[in-house]
Structure formats: C-alpha cells, structure tokens
Amino acid sequence: MKYALFLGCTIPVRAQHYEMAAREVAKKIGIEFVDIKNFSCCGFPVKSTDMETSLKIAARNLAIAAVEGYTICTLCNACTSVLTEANQILNKNKELRTKIDKDLKKFDLEFQPGLEIKHFSRILYEDVGVDKIREKIVRELTPLKFSVHYGCHYLRPTELYDCFDDAESPSSVENLVAVTGATVLDYKNKLDCCGGAILGVEEDIALAMAKQKLDHITAGQVDALVTICPFCTIMYEDNQKKIESKFNATYNLPVLYYPQVLGLALGLDPKQLGFRLNKVKAKELLEKMEVVQ
Amino acid sequence: MIDSKDLDPNFKYEVAAEMGGESNITRCFSCGTCTAGCPVREIDDKYNPRKIIRMVLLGMRDRVLKSDFIWLCSSCYTCYDRCPQNVHLTDIMTALKNIAAREGYIHPAFREQNRLVSAFGRLYEVEDFDNKKREKLGLPAVKKTFKDVIELTKKNASVGESP
C-alpha cells in the first residue's frame, strides 16, 4: 500500500510528533509513504477571502500528486477538506477546470481527474481495517481510557466524504481506539467544533468553545483526549494553559494524536512516537502502561 | 430599522452566483436549525446564521459585507449538514467573505494569512532551525518556499487593503 504523504503547513513545524507517530505506525502496518517535496499549503488559509486562489493552490497539489499517481494521505482535517472539495469541484465543473489549468500550465501542470484523497485515520479504518490492525497489537492498552474528538472537517459535509461514517453519530475513530484494548468514553456535545478556525478572528469565542469541550471531556475521567487534526490539538493542548488561567480551571489533560495511541499498542517506543513533544505530558498514562519515556 | 431604500434585491443572486448557483439560498424558510446547532452561536449570539441568511435574502448588502459577524463562522458544517432545505450555509458564508474581501472589507487575521501564503506558499515561514529540528527527530527536511504558489497567489496578495 503506497500513498503520497501530504503534510500541509502546520504539521511539519508545529506537530512533528503527529508526523513521527504516523510514519512509525505506517511502517508497522505495512503502508509506504512517498514524500513529495513539492506539496505546498493545501489552499485552506486563503479560501475565506479568495475561493478561486484556494482552488488553484489545491489543484496545483492535486496535479503534482497525479504525476506520481498515488492516493494522497493527509494528516490534517483542513487539508483533507480543501483537497477533497477542490477535487470534486474540478471533476464536475469543466469550465472552471479549464480556467485553472490555464494557470497551472505555466508550471507544466494539469489537473487530472480520478485522484483520491484520504485522511490517514480513514486509510487505517477503510483500506487497512480494524481486523488487520488487531492482528498487529502487541501491547493491549486495557488500563487506559480515552475520549475522541473527530474534528469537523473529518466528517462534514457528509457528501464530501461519501458518507464513510455517520456525521451525526460517528464511530470510526472510536473503533480504531477500541482495537488497542483501551476503553473509549463518550461525552456531551462530542461533535462540537474546537473553535480553531476563528482563533485568529475572536480569541475569546474560540477559547470559550474549546473550554466547553474540555469541561465535557474531563467530566469522564479519561487519561487523554485523542485527536486526528493539528488545529484541534492547538486548541485543546497548546491553548490548554491559556484556557486554564482565563477561566480559572484545571484540566491537565494530555492530548494525543491517534497514531501515538496506536503506536503504543503496536509496541513502539514513546520516543519514536514523539511523546516528549506533547505539551501536556502523558507521564501518568505511560506509567499506567509501565512504559518508560 | 430596515429602510427599503437601502436594500439590494439582487444581493441574494449575487451571493448565489459567487459559488456557481448551488447555494440554494432562496430555499431558506427560516426554521432556525442552523442557529440551534451552531457552536459559535452557543457562545456568542452576535453570530447567528439564520439572521445572516435572512439579511442576505432581504438584500441588506452593505450591513452584511461590512459586518464583523461574517468572519465568525468556524466552518464546522453542522448547519450545512442539518439544513432541511439543503441550503449550503457554510459555502454562503465563504461567498460573503469572498465578496467582502474583494470590496476591501477583510478581517486582519485573514489578511495576515494571505500575506504568509503569498510570501512562502505556506502558512508558516520554515526556517533553518525548523529543518534542523526535523533532522534531529529523524524527519526529512521540508521545502521553505514555493515559487509557483507565490505566482498563483499574486492576485490574492493585493486583496485586503482597507477602504
């Protein structure tokens, strides 16, 4: 199984532990990542102000991927959303495609229909499958309890993702966590947004959104929150201290990327999985598992 | 107070055309499913998707485009997925922000994002330090700038001068 790994902007400089864990897990599972140096920003950051430019940037990445011909594997929900949307729009709208191809031709690129884009978690769930993963588990995470935050662009809009999971009552990532032997705890308003997209617009609202989620998640006495998107993690982990002081609360909630959790169960060392880059230390969780960091 | 003289009855068509006519905005019957499920509205009622759609349908062009509230959509697509009339609310918010940006009304946060993407082809400037750190972590170096993306975003870079 070969995929073109799409890192996006945030992961290579702010969430290297996510990337490290994803690469290590992929190796263990038998997935080969092809690194394409020319993948740039996905286009999401300019979508709000200039949809056409956003489409051009996305189309550029899709055209580059098409040369190699592998399905794109994303790690960030926003990249997944913008690349998938651009792919669908350009597959349907020939007029727009011609217009965008005109710009891409300057760089000897052309949009090619038929390419697939999948988030790493979806690849693990659909292309590998929970049963295959179960066979590779060597360290059951039975003592641990986790809650999952999906992140909006992983599931919605439903039509963008071929309804691969139920956006109103999703279970795919919970199933991926449960296969490690850990307990998954549900919580109130699980599907609510982290607020990440408006952090730069109105920090007070964004932090209040994340705070509400942290309240609901920690009501369940979990060992960590499991995420699959760097933007959501920035809200729950990077901003956790800020939220604690702003709202006079204490959470001390580790936030792990799903590949870090799966990696533990696959017998990988926390060092390989980037645990020391987690801002809220998962020391207690690792002690419960009797793994030394 | 709404004065009919200030209304632009074509605004809804302008918004619909922005996205290739698939917004279904005129189907809205103001049921409020969007606002009821909106996680931003739950925190602060200055963002109210039902009200924004109503304002667009009424033709309150200026007040919508000059507002702060159009920038508050967190693009979570909850309303989009739940709307019984299949109104593509999140896309409509994007259309409104796109039109506002072209007319010079752009939130500073987005102006900065545009500047970064236009300068580097990335949302963050990658420095030698970052690639050294990556090397230490056993990760391959990443490219710092993308000339073709800088070229593609040239038009966008000029967007956002305040009126």
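Cut-offs and rules
- Residues numbered from 1 in each chain as written.
- Chains lettered and ligands numbered in written order.
- Predicted model: local features only at pLDDT ≥ 70, side-chain atom pairs only at ≥ 80, totals over all residues.
- Helix = DSSP H or I, 4+ residues; strand = E, 2+ residues; numbered from the N terminus.
- Rg over C-alpha atoms; globule rule 2.2 N^0.38 Å.
- Buried ≥ 20, exposed ≤ 12 C-beta atoms within 10 Å, placed from the backbone.
- Contact = placed C-beta atoms within 7 Å.
- pLDDT = per-residue confidence, 0-100.
- Nonpolar A, V, L, I, M, F, W, Y, C, P; charged D, E, K, R; others polar.
- Core = buried A, V, L, I, M, F, W, Y, C linked by C-beta atoms within 7 Å.
- Pairing = 2+ DSSP bridges.
- Axes fitted to C-alpha atoms, helices over the stretch in contact; angles between N-to-C directions.
- Domains from an automatic or database assignment.
- Parallel < 35°, antiparallel > 145°, perpendicular 65-115°, else oblique.
- Left-handed = near helix turned anticlockwise from the far one by under 90°.
- Arc of directions from axis to C-beta.

## With respect to the overall build of chain B
Across its full length, chain B carries 11 helices and zero strands. Listing every helix and strand of chain B by position from the N terminus yields α-α-α-α-α-α-α-α-α-α-α. Relative to the globule expectation of 15 Å for 163 residues, the C-alpha radius of gyration of chain B, 19 Å, shows a markedly less compact shape. Expressed as lengths along the three principal axes of its C-alpha atoms, the size of chain B is roughly 60 × 35 × 30 Å. The proportion of buried residues among the 163 residues of chain B is 43%. Counting contacts in chain B only where the partners sit at least 6 residues apart, residues at least 24 apart contribute 69% of the total.

## Some details on the confidence of the model for chain B
Residues and elements named next belong to chain B. Here chain B shows a mean pLDDT of 92. Residues at 70 or above account for 93%. Element-level mean pLDDT values for chain B span from 69 in helix α11 (residues 154-157) up to 98 in helix α2 (residues 33-37). Reported confidence for the predicted complex is 0.95 by ipTM and 0.96 by pTM.

## Observations regarding the interface of chain B and chain A
In this complex, chain B contributes 46 residues to the contact, which on the side of chain A involves 42 residues. Taken together, the elements giving at least two residues each to the side of chain B that touches chain A come down to α3 (39-43), α6 (78-82), α7 (89-102), α8 (108-120), α9 (128-136), α10 (147-152) and α11 of chain B. With five residues, the single largest contributor to the side of chain B that touches chain A is α8(B). A per-class count over the side of chain B that touches chain A returns 24 nonpolar, 13 polar and nine charged.

## A short note on the nonpolar core
All names here are of chain A. Judged by nonpolar contacts, the single largest core of 145 residues is most densely connected at A59 and F146. Looking at this core, the element that brings in the most residues is helix α4 (residues 51-68), giving nine residues. Not counting residues within four places of it along the chain, the set of residues in contact with F146 comprises V177, A182, V184, V222, D223, A224, V226 and V261.

## A look at the sheet that holds strand β3 (residues 71-74) of chain A
Residue and element names in this part refer to chain A. Read across the open sheet, the four strands follow the order β2-β1-β3-β4; overall the sheet is parallel. Of all the strands in the sheet, the pair left with one neighbour each is β2 (32-35) and β4 (117-119). Pairwise comparison of adjacent strand axes, ignoring direction, gives a mean angle of 40° for this sheet. Pairing of strand β1 (residues 2-6) with β2 involves four bridges; the strand directions are parallel. Directly across from A4, in β2, lies its bridge partner V34. Sitting on the sheet, helix α7 (residues 120-128) is in contact with β1, β3 and β4, with an inclination near 95° to β4.

## So, unusual backbone geometry
The step from A:R156 to A:P157 runs through a cis peptide bond, and the omega angle for that step is -10°. Of note, A:P157 is situated in the loop between α9 (152-155) and α10 (172-178). Although it is not a glycine, B:N24 sits at a positive phi angle of roughly 55°. Looking at the element boundaries, B:N24 is found in the loop between α1 (11-18) and α2. We note that B:N86 has phi near 60°; this positive angle belongs to a residue other than glycine. On the basis of neighbour count, B:N86 is assigned to the exposed category, with 12 C-beta atoms found within 10 Å.

## Quick look at the domain arrangement of chain A
Interface size, as often reported, equals the accessible area lost upon joining of the parts. Residues and elements named next belong to chain A. The domains assigned to chain A are domain 1 (2-119) and domain 2 (138-288). In this structure, domain 1 and domain 2 have C-alpha centres spaced 24 Å apart. At the junction of the two partners, domain 1 supplies 22 residues and domain 2 supplies 21 residues. Those elements that place two or more of their residues in the side of domain 1 that touches domain 2 are α1 (10-14), α2 (16-29) and α5 (77-92). Per-element tally for the side of domain 1 that touches domain 2: the top contributor is α2, with nine residues. Classifying every residue of the side of domain 1 that touches domain 2 gives nine nonpolar, nine polar and four charged.

## Some points on the sheet that holds strand β5 (residues 145-148) of chain A
Each strand in a sheet pairs with its neighbour through backbone hydrogen bonds, running either in the same direction (parallel) or in the opposite one (antiparallel). Strand order across the open sheet formed by four strands is β6-β5-β7-β8 (chain A), with parallel pairing between neighbours. Bordering the open sheet on either side are β6 (183-184) and β8 (255-257) of chain A, each of which pairs with just one other strand.

## What to know about the environment of A:N248
Assignment of secondary structure puts A:N248 in the loop between α13 (240-247) and β8. Spatially, the C-alpha atom of A:N248 lies 46 Å from that of A:R60, the residues being 188 residues apart in sequence.

## A few points about the pairing of strand β7 (residues 224-227) of chain A
Residue and element names in this part refer to chain A. With burial as the criterion, each face of β7 is covered, one bearing A224 and V226 and the other bearing L225 and T227. Where β5 and β7 come together, three bridges link them in parallel fashion. Within β7, the position partnered with S147 by the bridge is L225. Here β7 runs beside β8; their pairing, made up of three bridges, is parallel. In the strand pairing of β8, L225 is matched with V255.

## Some words on the packing of α2(A) against helix α14 (residues 258-265) of chain A
Residues and elements named next belong to chain A. Running from amino to carboxyl end, α2 crosses α14 at an angle of 40°, the nearest separation of the two axes being 8 Å. Comparing their axes, α14 and α2 come out oblique. Every pair of crossing elements has a handedness; the one defined by α2 and α14 is left-handed. The residues of α14 that touch α2, namely those facing H17, Y18, A21, A22, E24 and V25, are P259, Q260, L262 and G263. Tallied by class, residues from the contact of α2 with α14 come to six nonpolar, three polar and one charged.

## Focus: helix α4 (residues 49-58) of chain B
All names here are of chain B. Among all positions of α4, only P49, I52, I53, M55 and V56 are buried. When α4 is viewed along its axis, its buried side chains cluster within an angular range of 160° and face the same direction. Taken together, the buried residues of α4 touch α1, α2, α5 (61-65), α6 and α7.

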